[in-house]
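Residue-level structural notes
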2 protein chains.
Amino acid sequence: MLPFSRVTIIGLGLIGSSIARAVRDYMPTVRLTLHDADPAVRERVRALDLADDVADTAGAAVIDADLVMLCVPVGAMGAVAEAIAHDLPADAIVSDVGGSKASVIAALREHLPDAVIVPGHPVAGTEHSGPDAGFASLFKSRWCILTPTPEAPEAAVERLRAFWQAFGAQVEIMDPKHHDLVLAVTSHVPHLIAYTIVGTASDLEDVTQGEVIKFSAGGFRDFTRIAASDPTMWRDVFLNNREAVLEVLQRLTEDLTMLQRAIRWGDGDTLFDLFTRTRAVRRSIVEQGQDDAAPDFGRKH
Amino acid sequence: MLPFSRVTIIGLGLIGSSIARAVRDYMPTVRLTLHDADPAVRERVRALDLADDVADTAGAAVIDADLVMLCVPVGAMGAVAEAIAHDLPADAIVSDVGGSKASVIAALREHLPDAVIVPGHPVAGTEHSGPDAGFASLFKSRWCILTPTPEAPEAAVERLRAFWQAFGAQVEIMDPKHHDLVLAVTSHVPHLIAYTIVGTASDLEDVTQGEVIKFSAGGFRDFTRIAASDPTMWRDVFLNNREAVLEVLQRLTEDLTMLQRAIRWGDGDTLFDLFTRTRAVRRSIVEQGQDDAAPDFGRKH
């Protein structure tokens, strides 16, 4: 029993193309239609043979879908919703994979006032972008958060849950605003910090970029992975989850100031206590299967 | 032609025990003597059969060495130097693996005024600690920085270079103060930020620790690896490289404030420009063999 039989994916970057591959692998009888605003991406997706059909317009792509999955940067959600509004079947479920949810719900609702909308966010990804970067197992053992609007029928939410579970994902239902705060902590602020520290390091006058790169195995290289993520996607996340990001950033800055003070005044106990406490968090993440227990994430030695 | 024939390693954590294993693998004819201040570690190292001899005192360990390698936290270097001063052979070379160099040189020089001292720092490690965590290939393709004192004979520096190169490391000679600044950027501040962000996340009232762990694949988990590193070692690094760490931290805070402002005022161009620039740094690190090109560092999917 498949939850959907005609799936349309709009936006074929890392996440969209991974969903396409997962549909092909786990639901081979589903009729799969794709669309991307970029003609070069459409051409590449045709060459990769990821779907039954690659439509040239968003409207044509959704015309007989029972699930429409929007996989564009969150700043583009409103424009895509507007583009499909006229052709969207009345009984289709609209979902998305955007990293911020309150803003996406507002953008979709504006252009699709009567549609069944069940926003979602698979907490998975890599630092690579584009249709070639996707793979079917990306969502395996990862969490997908659904933030359904109050008016969404329970049955629609359950169908989406079954869709994600078919790819090996675990599903959590959450309030959109709470999602935005949780993800500010676990994803958005870490990305912002990674971007900042990589920028700071490459701007120093007294240390060359060559030195930064050579000696990056001291810890810096861990930050560069997420600082290589898609710039458009992340710009949109920060602009659309402004409040939660600024709130978490404020907390982080306070904590950093406290540590800065501890270093300045030689307060070793404060440092030692924090450094001991943070080990336990890592242990839990590994125990719960959200990361690799091998040293260095399992990098080759 | 081996650079040394009787090597003593004091301190048998991740680095010391990795050097022991590398000596065994790459220089099997070297006579290897070990010592650790902790009796339980000495017992474990005897059980692991890592050396010809495990001495019960630091003095006994160095008595006929031609290389003495100090692998203790930087805050303990002075005490170890004092403990070996009486038994150190006049022609032995003393080296170390500490993460800060100016403070270590001062501590060693105080207690060993006449010794040949060639301080070093292999820029390699994992988040695991203790004698079981070490492995012989840890230094392969990594850099080892030597910061010889002006009075150290060139021949001593060259012997140390040959020692590290035998393990597959690349060697760079650097001024101690410059080392401390470069490592503040590439290692110390990244660790401090990782510790901070993991601490901040676990202190929030509105987001549970369970949520932080569950959704850590959004980026947060990358930070937790280095935030699981040895607390004593890192406390000592921050207390002993105070000036450089505070200087880099100040830069980072300014850059973070600028981004915070860009988010608050909706300045997408500033964000996009930085996010594009940081991708190039990642690319260089991968190209120069200091990290894995596979998505997610090569984590399993």
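Shown above is the structure to which this text applies.
To start, this report covers the structure provided alongside it. Note that the structure is predicted; figures quoted are calculated from it, not measured.

Rules of the game
- Residues numbered from 1 in each chain as written.
- Chains lettered and ligands numbered in written order.
- Predicted model: local features only at pLDDT ≥ 70, side-chain atom pairs only at ≥ 80, totals over all residues.
- Heavy atoms only, no water.
- Contact = heavy atoms within 4.5 Å.
- Buried area = accessible area lost by both parts, 1.4 Å probe.
- Salt bridge = Lys/Arg side-chain N within 4 Å of Asp/Glu carboxyl O.
- Polar contact = N/O pair within 3.5 Å; in protein donor to acceptor, adjacent residues only side chain to side chain.
- Helix = DSSP H or I, 4+ residues; strand = E, 2+ residues; numbered from the N terminus.
- Nonpolar A, V, L, I, M, F, W, Y, C, P; charged D, E, K, R; others polar.
- Buried < 20%, exposed > 50% of the residue type's maximum accessible area, 1.4 Å probe, protein only.
- Least-squares fit on C-alpha atoms with pLDDT ≥ 70 in both.
- Arc of directions from axis to C-beta.

This paragraph deals with the interface of chain A and chain B. Facing the 109 residues of chain A at the interface are 109 residues of chain B. For the pair chain A and chain B, the summed buried surface comes to about 10400 Å²; carbon and sulfur atoms form 65% of the total. For the pair chain A and chain B, the interface holds 15 salt bridges. Put simply, chain A and chain B have 42 residue pairs in polar contact (both at pLDDT 80 or more) between them. Looking at the side of chain A that touches chain B, the elements with two or more residues in it are strand 8 (143–146), helix 7 (176–203), helix 8 (209–214), helix 9 (220–226), helix 10 (231–240), helix 11 (242–264) and helix 12 (268–287) of chain A. Counting residues per element, the side of chain A that touches chain B draws most heavily on helix 7 of chain A, at 21 residues. The class makeup of the residues in the side of chain A that touches chain B is 51 nonpolar, 31 polar and 27 charged.

Moving on, we come to the pattern of salt bridges. Using the criterion set out here, one finds 43 salt bridges over all chains in the structure. For the salt bridge of Asp 291 of chain B with Arg 282 of chain B, the shortest nitrogen-to-oxygen distance reads 2.9 Å. With respect to class, Asp 291 of chain B is no different from Arg 282 of chain B; both count as buried. When salt bridges that share partners are traced, they join Glu 127, Arg 225, Arg 282 and Asp 291 of chain A together with Arg 221, Asp 222, Asp 296 and Arg 299 of chain B into one network.

With that settled, the discussion passes to the relation of the copies chain A and chain B. The transform that puts chain A on chain B rotates by 180° and translates by 0.0 Å along the axis, for an RMSD of 0.0 Å. The transformation relating the two chain copies, once decomposed into turn and shift, fits a two-fold axis. When the interface residues of chain A are mapped onto chain B, 100% of them again fall at the interface, so both copies present the same face.

On to helix 2 (residues 39–48) of chain B. Residues and elements named next belong to chain B. Listed as buried for helix 2 are Val 41, Arg 42 and Val 45. Along the long axis of helix 2, the arc covered by the buried residues comes to 100°, so they all point the same way. Seen from the buried face of helix 2, the exposed residues on the opposite side, beyond 90 degrees, are Pro 39, Glu 43 and Ala 47. Those residues of helix 2 hidden inside the fold are in contact with strand 2 (31–35) and strand 3 (53–54). Between the side-chain oxygen at the start of helix 2 and the backbone nitrogen of Ala 40 there is a gap of 2.9 Å, and the oxygen is on Asp 38.

Bear in mind that shape data such as this cannot, by itself, settle questions of function.
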